[in-house]
Amino acid sequence: MKRIGVFTSGGDAPGMNACIRAIVRTAVYYGLEVYGIRRGYNGMIKGDIFKMESITVSNIIQKGGTLLKSARSKEFLTKEGRQAAYEQLKAHGIEGLVAIGGDGTFTGANIFYEEYGIPTIGAPGTIDNDLYGTDYTIGYDTAVNTALDAIDKIRDTADSHERVFFVEVMGRDSGYIAIPCAIGGGAEIVMIPETDTSIDFVIEQLRAGWSRSKTSFIVIVAEGDEEGSATEIAAKVSQQIPNMDARVTILGHVQRGGAPTAADRMLASQLGIACVEGLMAGRTNEMAGIINRELVYTPFIETITKQKLINPNFTKMVDILSV
């Protein structure tokens, strides 16, 4: 293999630029040519492809977002779209790909290989940390610290005004952001998709706190909780406790931005190197990850279909520490 391509796809995550930098410089180190593909699969279809050198990735390791931009591609879901993408890669002489993204990105790469035989190694780039095959994903540590910083500030005003704050963090299918935010932020309650936390339980916990002379509360809500959004949950609770002074804060996309932490820069750099070396070793359709501090490669089909479970000890920690 002499020429590879790299692209980012799906939601952006802090550390993606650090990973791109590592991929480009590893390719240069091993004498490979590397081409950047802008805007994910959309750019692949349209031929938005350019040659990258070491200088191309100078001064980006500390920047959030992605130099290569990102997009979701409906066209790539079609046979015609994938055919167009293949023709563009062929025209540029690209023999292998490094994909930085999540399960949607890897699903597309898996299908693409089955149809056209283009080998791909993936780097897990998502703040949700919900990919099977790695303890941590690129961007997760930064997102948690960003959310936690906001929660610390919310705690100050909650205490000053004796209010209940329902704080919504990202996590459509996972509580991986919510759990460390709840533990690190001293929250009294956490609501995540993996566990059933009823409105009745929330009310019971609030009343139990008031009976112990607590005057302010933080409730962390993952956006995908079965009871609904933080706004919906706050409304349901307020119906049964009408005198409660409640506020809702939705942190939203602020969790995706900002300079990556040292941990994310290290992880992204390590995985970027592993992706290029994986391609050179003949690997394909695998995601590079870190499990128990060791580099591992996991087949895309497993990262896509297997569920990464929350450690039940973490939810127990929230219960113990909120007493």
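This one's a predicted model, so the numbers in the text were calculated from it and none came from an experiment.

1. Section: the overall build of the protein chain
Moving on, step 1. For the protein chain, the count of helices and strands is eleven helices and eleven strands.
Moving on, step 2. Against the globule reference of 20 Å for 323 residues, the protein chain gives a C-alpha radius of gyration of 22 Å, in line with a compact fold.
Moving on, step 3. Viewed in the frame of its principal axes, the protein chain has a C-alpha envelope of about 70 × 35 × 30 Å.
Moving on, step 4. Each of the 323 residues in the protein chain was classed as buried or not, and the buried ones make up 52%.
Moving on, step 5. Of the contacts made within the protein chain by residues no fewer than 6 positions apart, 75% connect residues no fewer than 24 positions apart.
Moving on, step 6. As displayed, the protein chain offers around 14200 Å² of accessible surface, 50% of which is attributable to carbon and sulfur atoms.
Moving on, step 7. Charge-centre separation for the protein chain: the mean point of 31 positive side chains lies 7 Å from the mean point of 39 negative side chains.

2. Some words on the packing of aromatic side chains
Moving on, step 1. What the rule picks out here adds up to ten aromatic pairs.
Moving on, step 2. Judged by centre distance (4.7 Å) and plane angle (15°), the ring pair of Tyr86 and Tyr116 falls under stacked. With a gap of 30 residues between them, Tyr86 in helix 3 (residues 79–91) and Tyr116 in helix 4 (residues 103–116) connect regions that are remote in the sequence.
Moving on, step 3. Both rings, one in Trp210 and one in Phe217, keep their centres 5.5 Å apart while their planes meet at 80°; by these two values the pair is edge-to-face.
Moving on, step 4. What links up through ring pairs into an aromatic cluster is the set Phe7, Tyr41, Phe76, Tyr86, Phe112 and Tyr116.
Moving on, step 5. Sitting over the ring of Phe217, Lys214 keeps its end group 5.6 Å from the ring centre.

3. Here we look at the pattern of salt bridges
Moving on, step 1. In total, this model carries 17 salt bridges according to the counting rule given.
Moving on, step 2. Ionic pairing is found between Arg38 and Asp48, a salt bridge with its closest N-O pair at 2.9 Å. Taken as a pair, Arg38 in the loop between strand 2 (33–37) and helix 2 (40–46) and Asp48 in the loop between helix 2 and strand 3 (49–52) lie far apart in primary sequence, ten residues in all.
Moving on, step 3. Accessibility expressed as a relative area gives 23% for Asp48, which makes it partly exposed.
Moving on, step 4. Each of Arg3, Glu33, Lys51 and Glu53 takes part in salt bridges that share partners, so that together they form one network.

4. Points about the sheet that holds strand 7 (residues 189–191)
Moving on, step 1. The strand order across the open sheet formed by four strands is 7-8-6-9, and the pairing between neighbours is parallel. Looking at which strands have only one partner, the edges of the open sheet turn out to be strand 7 and strand 9 (246–250). Strand-to-strand twist across the sheet, computed as the mean angle between neighbouring axes with direction ignored, equals 20°.
Moving on, step 2. Taken together, the five bridges between strand 6 (residues 164–169) and strand 9 define a ladder with parallel strand orientation. Note on strand 9: the bridge partner recorded for Phe165 is Arg247.

5. Structural notes on helix 5 (residues 140–161)
Moving on, step 1. Taking 1.5 Å per residue, 22 residues should reach 32 Å; helix 5 reaches 32 Å between its end C-alpha atoms and fits that length.
Moving on, step 2. Where helix 5 is concerned, the buried positions are Tyr140, Thr142, Ala143, Val144, Ala147, Leu148, Ile151, Ile154, Arg155 and Ala158.
Moving on, step 3. Against the buried residues of helix 5 lie strand 6, helix 6 (178–184), strand 8 (217–222), strand 9 and helix 9 (262–280).
Moving on, step 4. Positive backbone phi, at 55°, marks Glu162, one or two positions downstream of helix 5.

6. Quick notes on the sheet that holds strand 4 (residues 96–101)
Moving on, step 1. Taking strand neighbours across the sheet as the criterion, the seven strands line up as 3-2-1-4-5-10-11 in an open arrangement whose pairing is mixed. Of all the strands in the sheet, just strand 3 and strand 11 (294–299) have a single pairing partner and so form its edges. Averaged over all pairs of adjacent strands, the angle between strand axes in this sheet comes to 30°, irrespective of strand direction.
Moving on, step 2. Pairing of strand 10 (residues 286–291) with strand 11, which is carried by six bridges, proceeds in the antiparallel orientation. From the neighbouring strand, Met287 faces strand 11, where its bridge partner is Thr298.

7. Considering the side chain of Thr26
Moving on, step 1. Residue position: Thr26 is located in helix 1 (residues 16–29).
Moving on, step 2. Here Thr26 falls in the buried class, since its relative accessible area comes to 7%.
Moving on, step 3. Aside from chain neighbours lying at most four places away, what touches Thr26 is Ile273 and Val276.

Parameters at a glance
- Residues numbered from 1 in each chain as written.
- Predicted model: local features only at pLDDT ≥ 70, side-chain atom pairs only at ≥ 80, totals over all residues.
- Heavy atoms only, no water.
- Helix = DSSP H or I, 4+ residues; strand = E, 2+ residues; numbered from the N terminus.
- Rg over C-alpha atoms; globule rule 2.2 N^0.38 Å.
- Buried < 20%, exposed > 50% of the residue type's maximum accessible area, 1.4 Å probe, protein only.
- Contact = heavy atoms within 4.5 Å.
- Areas by Shrake-Rupley, 256 points an atom, 1.4 Å probe, with all protein chains shown as cover.
- Lys, Arg positive; Asp, Glu negative; His and termini not counted.
- Charge placed at Lys NZ, Arg CZ, Asp CG, Glu CD.
- Phe/Tyr/Trp six-rings, centres within 6.5 Å; stacked < 30°, edge-to-face > 60°.
- Lys NZ or Arg CZ within 6 Å of the ring centre and 35° of its normal.
- Salt bridge = Lys/Arg side-chain N within 4 Å of Asp/Glu carboxyl O.
- Pairing = 2+ DSSP bridges.
- Axes fitted to C-alpha atoms, helices over the stretch in contact; angles between N-to-C directions.
- Expected span 1.5 Å × (residues − 1).

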